[in-house]
Amino acid sequence: MGKKKLQGKIKKASRFLRKKGKPPGTVTYMGMRDKEASKVSIISYNETEVRSYRPKNIQEILDEKNSNHVSWIDISGLTDEAFVENLGAQLHLNTLILEDTVNVNIRPKVDEYEDYIFAVLKMLYLDAADEVVIEQVALVLVKDAVLVFQEVEMDVFNAVRERIETKSGRVRRMGADYLFFSLMDAIVDNYFVILEHISAKVDHLEDEVYDHPNPEVARKIQDLKKEVMKVRRVISPVKEMVGRLIDTQNPLITKDTKLFLRDILDHTIEINESLQIYREMIMSLMEMYMSNMSNKMNEVMKVLTIMASIFIPLTFIAGIYGMNFDNMPELHSKNGYFVVWGVMIAIFIGMMFYFKRRRWL
Amino acid sequence: MGKKKLQGKIKKASRFLRKKGKPPGTVTYMGMRDKEASKVSIISYNETEVRSYRPKNIQEILDEKNSNHVSWIDISGLTDEAFVENLGAQLHLNTLILEDTVNVNIRPKVDEYEDYIFAVLKMLYLDAADEVVIEQVALVLVKDAVLVFQEVEMDVFNAVRERIETKSGRVRRMGADYLFFSLMDAIVDNYFVILEHISAKVDHLEDEVYDHPNPEVARKIQDLKKEVMKVRRVISPVKEMVGRLIDTQNPLITKDTKLFLRDILDHTIEINESLQIYREMIMSLMEMYMSNMSNKMNEVMKVLTIMASIFIPLTFIAGIYGMNFDNMPELHSKNGYFVVWGVMIAIFIGMMFYFKRRRWL
Amino acid sequence: MGKKKLQGKIKKASRFLRKKGKPPGTVTYMGMRDKEASKVSIISYNETEVRSYRPKNIQEILDEKNSNHVSWIDISGLTDEAFVENLGAQLHLNTLILEDTVNVNIRPKVDEYEDYIFAVLKMLYLDAADEVVIEQVALVLVKDAVLVFQEVEMDVFNAVRERIETKSGRVRRMGADYLFFSLMDAIVDNYFVILEHISAKVDHLEDEVYDHPNPEVARKIQDLKKEVMKVRRVISPVKEMVGRLIDTQNPLITKDTKLFLRDILDHTIEINESLQIYREMIMSLMEMYMSNMSNKMNEVMKVLTIMASIFIPLTFIAGIYGMNFDNMPELHSKNGYFVVWGVMIAIFIGMMFYFKRRRWL
Amino acid sequence: MGKKKLQGKIKKASRFLRKKGKPPGTVTYMGMRDKEASKVSIISYNETEVRSYRPKNIQEILDEKNSNHVSWIDISGLTDEAFVENLGAQLHLNTLILEDTVNVNIRPKVDEYEDYIFAVLKMLYLDAADEVVIEQVALVLVKDAVLVFQEVEMDVFNAVRERIETKSGRVRRMGADYLFFSLMDAIVDNYFVILEHISAKVDHLEDEVYDHPNPEVARKIQDLKKEVMKVRRVISPVKEMVGRLIDTQNPLITKDTKLFLRDILDHTIEINESLQIYREMIMSLMEMYMSNMSNKMNEVMKVLTIMASIFIPLTFIAGIYGMNFDNMPELHSKNGYFVVWGVMIAIFIGMMFYFKRRRWL
Amino acid sequence: MGKKKLQGKIKKASRFLRKKGKPPGTVTYMGMRDKEASKVSIISYNETEVRSYRPKNIQEILDEKNSNHVSWIDISGLTDEAFVENLGAQLHLNTLILEDTVNVNIRPKVDEYEDYIFAVLKMLYLDAADEVVIEQVALVLVKDAVLVFQEVEMDVFNAVRERIETKSGRVRRMGADYLFFSLMDAIVDNYFVILEHISAKVDHLEDEVYDHPNPEVARKIQDLKKEVMKVRRVISPVKEMVGRLIDTQNPLITKDTKLFLRDILDHTIEINESLQIYREMIMSLMEMYMSNMSNKMNEVMKVLTIMASIFIPLTFIAGIYGMNFDNMPELHSKNGYFVVWGVMIAIFIGMMFYFKRRRWL
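In this report, the structure presented in the accompanying data block is examined. Everything numeric in this text was worked out from a predicted model, so none of it was measured. (Residues numbered from 1 in each chain as written. Chains lettered and ligands numbered in written order. Predicted model: local features only at pLDDT ≥ 70, side-chain atom pairs only at ≥ 80, totals over all residues. Heavy atoms only, no water.)

**Considering helix 7 (residues 215-247) of chain B**
Residues and elements named next belong to chain B. What counts here: Where helices and strands are cited, they refer to DSSP runs of H or I of at least four residues and of E of at least two residues respectively, numbered from the N terminus. Multiplying one less than the number of residues by 1.5 Å gives the expected span of a helix. Throughout, the bend at a residue refers to the angle made by two axes, fitted to the seven residues ending there and to the seven starting there. Counted as a polar contact is a pair of N or O atoms within 3.5 Å, where, for protein atoms, one must be capable of donating a hydrogen and the other of accepting one, and residues adjacent in sequence contribute only when both atoms are in side chains.
A rise of 1.5 Å per residue sets the reference length of helix 7, with its 33 residues, at 48 Å; its end C-alpha atoms lie 49 Å apart and thus fit the reference within 8%. Its maximal kink placed at Arg232, helix 7 deviates by approximately 30°. Looking at where helix 7 begins, the residue whose side-chain oxygen comes 2.9 Å from the main-chain nitrogen of Glu216 is Asn214.

**Side note on the nonpolar core**
When a protein is soluble and globular, its nonpolar side chains tend to lie buried together. Threshold: Only buried residues count toward a nonpolar core, which is a set of Ala, Val, Leu, Ile, Met, Phe, Trp, Tyr and Cys residues joined through side-chain atoms within 4.5 Å. Partly exposed describes any residue whose relative accessible area lies between the buried limit of under 20% and the exposed limit of over 50%, with all areas from a 1.4 Å probe on protein chains only and scaled to the type maximum. Pairs of residues are marked as contacts when any of their non-hydrogen atoms sit within 4.5 Å.
A:Phe180, B:Phe180, C:Phe180, D:Phe180 and E:Phe180 are the most contacted members of the largest nonpolar core, which totals 436 residues. Setting aside anything within four residues of it in sequence, one finds B:Phe180 in contact with B:Ile117, B:Ala119, B:Leu139, B:Leu141, B:Val146, B:Leu245 and B:Ile253. Listed in part, the 135 residues of the second largest apolar core include C:Phe325, C:Trp360, E:Phe311 and E:Met351.

**Considering the sheet that holds strand 3 (residues 70-76) of chain D**
Residue and element names in this part refer to chain D. Stated precisely, the cut-off is as follows: DSSP calls a pair of strands paired once it identifies at least 2 bridges connecting them. Note on method: axes are straight lines fitted to C-alpha atoms, helices fitted across the in-contact stretch only, with angles between N-to-C directions ranging 0 to 180 degrees.
In spatial order, the strands read 2-1-3-7-6-5-4; together these seven strands make up an open sheet with mixed pairing. What marks the edges here is a single partner per strand, and that holds for strand 2 (50-53) and strand 4 (109-112). Shown here is a sheet whose adjacent strand axes are inclined to one another by a mean of 15°, direction ignored. Pairing between strand 1 (residues 39-45) and strand 3: seven bridges, direction antiparallel. Considered in strand 3, the bridge of Ile43 is made with Trp72. Docked against the sheet, helix 3 (residues 81-90) engages strand 1, strand 3 and strand 7 (145-150), running at close to 165° with respect to strand 7.

**Let's talk about the packing of helix 8 (residues 255-320) of chain B against helix 8 (residues 255-320) of chain C**
So the rule is basically this: Roughly parallel covers angles under 35 degrees, roughly antiparallel covers those over 145, roughly perpendicular covers 65 to 115, and oblique covers all other angles. For any pair of crossing helices, the crossing counts as left-handed if the nearer helix is rotated counterclockwise from the farther one by less than a right angle, and right-handed if it is rotated clockwise. Three classes are used: nonpolar for Ala, Val, Leu, Ile, Met, Phe, Trp, Tyr, Cys and Pro, charged for Asp, Glu, Lys and Arg, and polar for all others, with Gly counted as polar.
At a closest axis distance of 8 Å, the pairing of helix 8 of chain B and helix 8 of chain C adopts a crossing angle of 20°. Compared by their axis directions, helix 8 of chain B and helix 8 of chain C come out roughly parallel. The chirality of how helix 8 of chain B crosses helix 8 of chain C is left-handed. Looking at side-chain class alone, the contact of helix 8 of chain B with helix 8 of chain C contains 25 nonpolar, nine polar and five charged residues.

**Considerations on the interface of chain A and chain B**
Heads up, the rule is: The buried area of a pairing is the accessible area, by a 1.4 Å probe, that goes missing from both parts when the two are put together, added over both. Between Lys or Arg on one side and Asp or Glu on the other, a salt bridge is scored when a side-chain nitrogen of the former is within 4 Å of a carboxyl oxygen of the latter.
On the chain B side, the residues contacting the 64 residues of chain A number 65 residues. Summing both partners gives a buried area of about 5,600 Å² for chain A against chain B, and 60% of it is carried by carbon and sulfur. Counting the surface chain A buries against chain B, the share from its top three residues, A:Phe316, A:Asn324 and A:Phe325, is 12%. The tally of links between chain A and chain B comes to eight salt bridges. Between B:Glu299 and A:Arg358 there is a salt bridge; the shortest N-O distance is 3.4 Å. Linking chain A to chain B there are 20 residue pairs in polar contact (both at pLDDT 80 or more). Of all the secondary structure elements, the ones that give two or more residues to the side of chain A that touches chain B are helix 5 (158-166), helix 6 (176-211), helix 8 (255-320), helix 9 (329-332) and helix 10 (336-357) of chain A. Among the elements that make up the side of chain A that touches chain B, the one with the highest residue count is helix 8 of chain A (33 residues). Of the residues assigned to the side of chain A that touches chain B, the class counts are 30 nonpolar, 15 polar and 19 charged.

**Details of helix 5 (residues 158-166) of chain B**
Spacing of three or four residues puts side chains on the same side of an α-helix, whose turn is 3.6 residues. Residues and elements named next belong to chain B. As a reminder, the rule being used: It is the directions from the helix axis to the C-beta atoms that the arc portrays.
When we look at burial in helix 5, the residues that qualify are Val160, Arg163 and Ile164. Considered in projection along helix 5, the buried side chains sweep an arc of 100° and stay on one side of the axis. For helix 5, the exposed residues set more than 90 degrees away from the buried face come down to Glu162 and Thr166. Looking at the buried residues of helix 5, the elements they touch are strand 1 (39-45), strand 2 (50-53), strand 3 (70-76) and helix 6 (176-211). Lys167 lies just past helix 5 and shows a positive phi near 60°.

**Considerations on the relation of the copies chain D and chain C**
The second copy of the chain is related to the first by a rotation about an axis and a shift along the axis. What counts here: Superposition of the copies used a least-squares fit over C-alpha atoms from residues whose pLDDT is at least 70 in both.
Overlaying chain D on chain C yields an RMSD of 0.1 Å, the required transformation being a rotation through 72° with an accompanying axial translation of 0.1 Å. The transformation just described matches what one would write down for a five-fold rotation axis. Across chain D, the rotation axis passes nearest the C-alpha of D:Gly322, at a separation of 4.5 Å. Comparing interface residues between copies, only 18% of those in chain D also lie at the interface in chain C; the contact surfaces differ.

**Observations concerning the packing of aromatic side chains**
Centre-to-centre distance and the angle between the planes together describe a pair of aromatic rings. As a reminder, the rule being used: Pairs were defined over the aromatic rings of Phe, Tyr and Trp, the Trp ring being its six-membered one, requiring ring centres within 6.5 Å. Orientation was assigned from the angle between planes: stacked under 30 degrees, edge-to-face over 60, tilted for the rest. Throughout this description, the term charge over a ring refers to an Arg CZ or Lys NZ atom that lies within 6 Å of the ring centre and within 35 degrees of the ring normal.
Taken as a whole and assessed by the stated rule, the structure comprises 63 aromatic pairs over all chains. Here the aromatic cluster, defined as three or more aromatic residues joined through ring pairs, consists of A:Phe316, A:Phe325, B:Phe311, B:Tyr321, B:Tyr337, B:Phe338 and B:Trp341. Note that D:Arg262 overlies the ring of E:Tyr113, its terminal NZ or CZ placed 5.8 Å from the centroid.

**Quick look at the pairing of strand 1 (residues 39-45) of chain C**
Residues and elements named next belong to chain C. Most of strand 1 is tucked away, with six of its seven residues classed as buried. Judged from the four bridges that link them, strand 1 and strand 2 (residues 50-53) form a sheet pairing that is antiparallel. Looking at strand 2, one finds that Ile43 is bridged to Ser52. With antiparallel pairing between neighbouring strands as the criterion, strand 1 and strand 2 make up a hairpin whose turn holds four residues.

**Focus: the interface of chain D and chain C**
Chain D puts 66 residues into the contact, and the matching count from chain C is 65 residues. Carbon and sulfur atoms supply 60% of the area buried between chain D and chain C, which totals about 5,600 Å² over both sides. When the buried area of chain D at its contact with chain C is split by residue, D:Pro24, D:Arg233 and D:Tyr337 rank highest and sum to 13% of it. Across the chain D-chain C interface, the total number found is eight salt bridges. Ionic pairing is found between D:Asp111 and C:Arg262, a salt bridge with its closest N-O pair at 3.7 Å. If you look at where chain D meets chain C, you find 20 residue pairs in polar contact (both at pLDDT 80 or more). Looking at the side of chain D that touches chain C, the elements that each hand over two or more residues are helix 1 (2-19), helix 4 (95-102), strand 4, helix 7 (215-247), helix 8 (255-320), helix 9 (329-332) and helix 10 (336-357) of chain D. For the side of chain D that touches chain C, the element with the highest residue contribution is helix 8 of chain D, accounting for 20 residues. Partitioning the side of chain D that touches chain C into residue classes produces 33 nonpolar, eleven polar and 22 charged.

**Quick word on the sheet that holds strand 1 of chain B**
Residue and element names in this part refer to chain B. An order of 2-1-3-7-6-5-4 is seen for the seven strands of this open sheet, with the pairing classed as mixed. Looking at strand neighbours, the two that pair on one side only are strand 2 and strand 4 (109-112), the edges of this open sheet. Going across the sheet, the axis of each strand differs from the next one's by a mean of 15°, ignoring polarity. Across the sheet, helix 3 (residues 81-90) touches strand 1, strand 3 and strand 7 (145-150), and the angle it forms with strand 7 is around 165°.

**Some points on unusual backbone geometry**
Note on backbone geometry: most residues besides glycine have negative phi, and most peptide bonds are trans. Unusually for a residue other than glycine, A:Asp144 sits at a positive phi of about 65°. Phi is positive for C:His92, which is not a glycine, with a value near 60°. When you line up the elements, C:His92 lands in the loop between helix 3 (81-90) and helix 4 (95-102). C:His92 gets classed as exposed once you look at its relative accessible area, which sits at 66%.

Written as structure tokens, this is what we have:
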């Protein structure tokens, strides 16, 4: 694990160096995947027909874009910087947005240009080890087409694809802006899975805090806090993004679609509120953990104090009569030993009574 | 209990899955009740007459809506998705609001459309176990009618029903918007019962923190904190909602009714402030609990220290004269034993005096 | 005390029930006083003459209002709901403000109507037990008159009455709006007495935290925190209220009076800042208390550790030579006993030196 | 000290009573100095000549104001309320600002009137005991003159006076508004001395927290926190004040001077940021103090535990062989005593090894 | 170290005194470097040619500025106040900005004037000891030229210089405003190196907190917190600065360049968010440290309690049979000694069992 982490750090550092000093607008892949060719797939549809295929070259993509179908042009794999730059140039996209497309570390945002709208979102999912993984998705809405740039093809868009193919819902009847919305909606919908996951973890840690408070639990609480911070960071800008899309004057987004965007807005407000609440709950967990620790300490100290308070005086009495003075009258009385036992038992009972009254027992 | 909780979680999860991947606008019941038919009841009134009945079919509802009476159309039971969808379509309601109507988990909100206003609120009440339960209520204000969608028929609207039937207050003299306001008002008025309940719990926990601070109390404090968070989450959006209704240009809401909405606004501000204060008081409780725990620890340690500080030196002295050296002159002096007792008592008194002066006794 | 508190709660609850379910605008007294008739007194003045009397019936009040004097109509006692409702109706006041007038629990606010301005403020004073008591005052500014609704006649307005009678200050030369301002000013001026009281308590608790930190002090700190919260809650809305009066377009308030209102605004800003600072100081007090507690614990533990660390090893040595082995050569050496004493004293001195160096002594 | 403090409180209280109940606009000195006559001095200058003198009566001040020189009219000593009131009346100043002038406890603010601008600032300096002292300065900018009201003549304006006399900088070439700015600038510049002082205290306390954490240090930290609160309270409103002067439409302040006011604005932003940072640093100090205390406790407990854990078992073994049973075979073996020593040493070494491994030694 | 620190403080103090009392607009170097002459270098370019040289006098700089090339005029060394003042006067720059240029302690800001735009930024880099060092850079954008004022020549601009010389990127094709942007971009890009450094420190401290929590780690955490505060203070104003440049109406900045400035804006938002997250993580670290300390204390106390609870009662029993009473029947029974051993072992096992069940072992 440690080794893997170390390699991660080296990669991260070198990735950073790759970029530094280059002029702005340089299209440099900033992710951590190895280089491979980008894969392009296209779904082209209108109300009456659907066509799904892999274009052979960029020209085919350009032709598709100019058809009177709505086209969903999906580009998976962003390591091939030259391809992305070339494609972008042919589509007259600003080089700054191409830079952002392959820089998989940027903050979610919307940039409006005259002929297209560029949006970057983060896809969240749980990996095999149940950890939250973040993938970047860049969407470009142009007239009659949506370009989707992602590092790997993701499952989350399958539902949308299916709806197009089976003609369910509105998507086939509406324009590219509705497709754009549907893809964003699919991503945001998926955030609820992450919320569910965090919620379950909070519940689980709450049980652990009450049942077995130990440093391992504290560590898990802190780790969850960091996870929530990480998630919040990529989700919270979405609210503002969607708000800007709703307020935009750009004719690429129709009034009908804005009604649906309002729905995403409601979701993001809800998600942000939930994250805020989880955050507060995690802070409470830590507080509770500390309080339980302190309570355990109290318990430990009570046991010590009770044991010591009872036996130290008794041992002192035994010590007295273990002294070797020549002249100790008690030692020679017939019942001295039994009287001492009586005194000790009396002290013991008195102590127990005292501790009982102080509610220490 | 644990089992019930588990089942709750399974239901919650499956409910979530029910929705995922479906196109937006799909009317899917998201609550946890079993399927049963929706029950519709109508109260139709104007200044001179009232009529209360259960319509036999949707047509009767539509006819009612078009009468020149004000109609309160109450739909209880949201599991029958087809019915809700059908009714909504006949009334030309946007499918997005139908989706929200049966999704009983959404955030309180107001959506304005040209011909109707859609509001979602949360009804709060205490169940048999004195826990806060949240039910969703969706209100649709159309011309001359208010539709109320709720999971079960709730008592809270009885007062309004009575006022209509007995012609008390203004409701019979005013339009559908005043009915809409009256229903919201009934819900918000009920929030004060919850506040009262939280206030009582805070007072009770305060007494417990001072009288018997123990981990169980800390847990109750944390549980109350979570309850307040839960309540705050569903109440706090109401302020903004009502504010938007007051500012709306929509002719469905008259100026007279806005005066009354301002009254609800004042209430929600007051409720939010109270919740904020309860929150701070709960945080103080936790602080006080920690301080009391730490104080108890101090007490325990003092007892230990006093006992040990007094008897350990005395035991040492006894130990000295328990040694078996051949040549220990004190042992053979006639009053040695009594002198030692004298020394011990002197030490004891000195110690007591010392602890007294340090205010440990 | 406990009993009184309980009765308070029952009253509070029943008061709450009194209101629930009634239509908005119902004039229901929500305070805790017993029913008695309202007392009305009027001061009527212009630059040349003053007249002070108790009107016999409502008609006399109405006549007064229509005279060309400025009239201060003071209504004490709000339990007589019928009287308030009747008076309000005759003066064409909205029933909502009458409801608020007798509901002595509402938040300070200003409501503007076309012909009158309604303001609710809280009067704060210290009772015999030096606790902060809150009384509600409702002011209605109409043309040429100010109505003052209060539960009992309060001293705070005496200064204004005197100024009217002795013609000191501006009040006799100016209109009803200046009277309205003067009454608000008297209330706000009195807040400084409460601030003074809180400030003195903070100083006193600070001394106690340093001199005798004990759980009772912690409790007092928490109680003061609650008191500040309570005071802040009724004072903080005043700032916004006065701001709205300054910004109003309503001709009832002249430009000259607005200059004076700005003065109240400055005071409320100052008071809010002071409360904020007291709040932070109280938090510091609690922090300091915890730190002192923890320091006391350290002291206790040091005593224990020093005593135990010195005497446990010595007792061990004594124990060694208290053993009864047949063959223990040291026991028979002539100076054995004195050598052991020497060793013990050496250990004692060494320990003292060690603790000295660690600054524990 | 205690007595002085008490007297301070009595004065404060009586000062408060002096004001209560009086009509607004009453010019009542609210400071704590004894009554004495105000001293007036005037510096009158234009680009070519400077004249500095003490006017004999108010008429001379009025004449000066109407000359075509820029006049700096300095009034020291505010206890002479009649003089201030008279002067204000002659200059046609609103009585509200005269009230504020002699009320040395008000919040920094700017009030704009048609013919003059009134500003109140707080002068901060360190007294002999290195404590922060706050003095109020009121500035009134009228056409061609600036009136300065202060309790005592202060050093801080000497630099400005010198610049006027030596004709250095711009002041002689510009109008009264630039003089007004210069005086404010002198006050704000002086705030940096206080910042420096706080910064030094923070550094000093940081060293103390690490080197000798003790309750005295905690108290100093809390005192510094209060000092920062006090300073922040009088400095933070200045930012808003200056902002309003920059935005004002009043022709008394020229565009050129606004450029300089922007400079003060930058300074106040910087000062506020610094105070915020010191505040956070002080909170960190307290946190660090608590952590060091807790660490010290750990150290103390470790010593106790190590001593007790080693010697208690050994003492037990010695106790065993101090028993007086007739039949204890070990006692009669020749090497019994030496074997027991061996066992004890082994236990001792084992314990040391164990504590070493747990890093307690 | 201590001595160096002290000298630093003396320098800081004297630097402060240097400024105090001088009129605003006085050009006084406020840094801590020793006096030396400023070095000027110029890069002058257009799309076709580049020229890089050191001008011999100010006239040459003025000539350059008036050429139709874009000129980058770099002034290193700000101790030569006269040179800076002279140069500024020749370029008709406001004396206030010259004052700010050599006052290396001011807050990052943008000031717009009619003919030029003045920006102050902070360059951050890591020194040999891996501590964050802050250098001020002042940029002045005039028509066709950018003036750069810095204390020493810095590496960070090398990349821009290279791009100009090698004609890579857009810089040669665009105007002075793009150069202005490029320099700001180079500075902001470098902030990521500092973020990386902080991130690494956070990770490292996290490991230390879990593995070896000790006071040294707590100190490092607090130091890192201060470092983050320091960095945040100089970075956070940049966001607002860039925002103002984007919104400016000043024709010196073209629409094309604003697109690029938006890129810097995105970066600064991202950096601020990261710093906020690091801040929260550092607070979590401290929390975790405290929790680990408290856990260690629990461990220590448990060991003590277990040892004491087991051996104190056993020692008491041994003490009993060490007493010297004449009449102690057990002493003379043949198996008394062995029975006592049995009892002791039973107590020992019972205790172990008890501690096991309480999970203390």
